[in-house]
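The lines below spell out each chain.
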Amino acid sequence: MYFMRVLHISAECYPAAKSGGLGDVAGALPKYLTSAGWESAVVIPKYGLPWTTKHRFKLLHVGAYFLNDQYHPYTIEEPLQTDLDFSLYMVNLPGLFDRPGIYGDAEKGWYTDNTERFISFQIAILDWVKNMDLKPEILHCHDYHAGLVPFLIKFSKIFEVLKKIPTVFTIHNAEYAGSFPWLKKDLLPEFPVEVNGLLDWSDQINPLASAVKNAWAITTVSPGYLLELQQFSSGLEWLFSNEKRKCRGILNGIDHDVWDPKTDTYLNAHLPDKVAYELKDIEDFKLNQKKQLVSQLGLNQNIPWITFIGRLVREKGADILPDLINTVLESGTGIGFIILGSGEHYLHDLLRSMSYKYSGKLHVRIGYDEALAHQLYAASDFILMPSWVEPCGLNQLYALRYGTIPIVRAIGGLKDSIVPWKEKNGNGILFEAFSVVDAKNAIDEAFELFNDRKKFEEVRKFIFGIDFSWQKSASEYVKLYDELN
Ligand code: ADP
């Protein structure tokens, strides 16, 4: 017998499967919801990732779903011996997810059958839920990979028993909608033809748009992003404006158990466990982290280091990084840059080549490295986020937690969480336009601040004390669930 009030349906969940913020949220929010009285479980696909291969699993349910005129087997499995504070289930779909990547991998690139993979994932989950004696009170779907669920339980005959379960759809990233042509309609279980419009956007089946139309409630991961989607969302603006009454923005929190400078298992040295910190405690912690990092990467300890961590794509502003770094380093300012990420191949090549030219001032690590990311948040002086769009952004919140000052473009969740350091409750540096000039001015401001040691240390001490934990945000989801029940 399962006991869960909310089932979160997600493609990612830290620590089992993470490629970005979705994984962090699905791996933290359920824990905080459970302690707030909404017992939560998460279901993700069973990938062939290292975490999965390292764990043993208990078989909970064996089923089959109908797709493409055939029955396909699936199982629901639960990892044994985890230290998670919520139930994590995995759908094992042979041939679809037992691969080394989430959406793609280094060898094969983006998987070309992602449409089939995530449709199968959603249908298998609904078949499992249909078979539960005690069903969840809420189905909470995350991003387009779970976006067809609200439509399927509303209109597909085979899932009719689930019709009354309220659905919440959270948008972590509206850049990916998962659209596919109507020619593939038969991948979905049968539904009445007159509701075609509730799946459609621009003559395609659009899981993101369908979720916005059919879910009982929509949330975005920051209030600012919700407003921006109504003005700029790659053709979905009208839909977001039209459905705004059932939408709300809830800023993500961070998991204080995982991201804790006192205990972080990826760090070699920690902040002492104290009730109140002196400037000296923080200075010692930061200096220690910086020393370790600069010796590990062969960098200069005496200059400020600005780090970028994330997907090397336009969304994150990665395409202005080469020009920006060139401009700053050519201007002779004594600043260093560290880049950790992967994405567009032209950026991999360009940034790598620049790192040879600016050896000692630019360090580039192409790839995904959870441990290095934690060490960089702890050791850097500033974190740079020149995002083109930013639904919430977690990097700036992790940076604050480790005493690293964010330099961010004033957009989406960045605007909702960062206040100019010169103002009351200031915690970072903001710039407006998506341009090298504005970003460079912000970096110059950071350099000045770094050299005004008294001010710099005051800002750093202040940001250490800011609370962006999940408690507050989780209570807003609780309020929403209560309203829907
Ligand atoms: P996204 O839009 O990519 O989900 P978020 O800011 O919401 O961006 O979350 C990014 C998360 O992914 C953070 O936990 C960040 O540290 C992590 N991350 C991104 N790229 C990398 C990388 N190359 N190596 C390690 N962690 C990364």
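Predicted model, so just to flag it, every value in this text is computed and none were measured.

## Topic: unusual backbone geometry
Across the junction of Tyr14 and Pro15, the peptide omega takes the value 5°, indicating a cis bond. Tracing the sequence through the fold places Pro15 in the loop between strand S1 (6-9) and helix H1 (21-26). One non-glycine residue, Gln81, adopts positive backbone phi at about 50°. Inspection of the secondary structure assignment puts Gln81 in the loop between strand S4 (70-79) and strand S5 (87-92). With a relative accessible area of 69%, Gln81 lands in the exposed category.

## Notes on the site of the ligand
Close to the ligand lie 20 residues, the nearest being Lys18, Gly21, Asp24, Gly367 and Tyr377. In the model, an oxygen atom of the ligand is placed 2.7 Å from a nitrogen or oxygen of the Tyr377 side chain. Interatomic distance of 3.0 Å between a backbone N/O atom of Leu394 and an oxygen atom of the ligand. Of all the secondary structure elements, the ones that give two or more residues to the shell around the ligand are H1, strand S15 (336-341), helix H12 (370-379) and helix H13 (395-401). Sorting elements by how many residues they give to the shell around the ligand places H12 first, with three residues. When the residues that make up the shell around the ligand are grouped by side-chain class, the tally is seven nonpolar, seven polar and six charged.

## Focus: the domain arrangement of the chain
Domain boundaries assigned for the chain yield domain 1 (6-253 + 471-484) and domain 2 (279-468). Measuring from the centre of the C-alpha atoms in domain 1 to the corresponding centre in domain 2 gives 32 Å. Residue-level contacts link 19 residues of domain 1 with 18 residues of domain 2. Of the roughly 1500 Å² buried where domain 1 meets domain 2, counting both sides, 58% is carbon and sulfur surface. Its largest share of buried area at the contact with domain 2, domain 1 owes to Lys18, Glu228 and Leu251, together 27% of the area lost on that side. The tally of links between domain 1 and domain 2 comes to one salt bridge. Its salt-bridge partner being Lys18, residue Glu370 comes within 3.2 Å of it at the nearest N-O pair. For the pair domain 1 and domain 2, the number of links is eight residue pairs in polar contact (both at pLDDT 80 or more).

What counts and what doesn't
Residues numbered from 1 in each chain as written. Predicted model: local features only at pLDDT ≥ 70, side-chain atom pairs only at ≥ 80, totals over all residues. Heavy atoms only, no water. Helix = DSSP H or I, 4+ residues; strand = E, 2+ residues; numbered from the N terminus. Buried < 20%, exposed > 50% of the residue type's maximum accessible area, 1.4 Å probe, protein only. Near = heavy atom within 4 Å. Polar contact = N/O pair within 3.5 Å; in protein donor to acceptor, adjacent residues only side chain to side chain. Nonpolar A, V, L, I, M, F, W, Y, C, P; charged D, E, K, R; others polar. Domains from an automatic or database assignment. Contact = heavy atoms within 4.5 Å. Buried area = accessible area lost by both parts, 1.4 Å probe. Salt bridge = Lys/Arg side-chain N within 4 Å of Asp/Glu carboxyl O.

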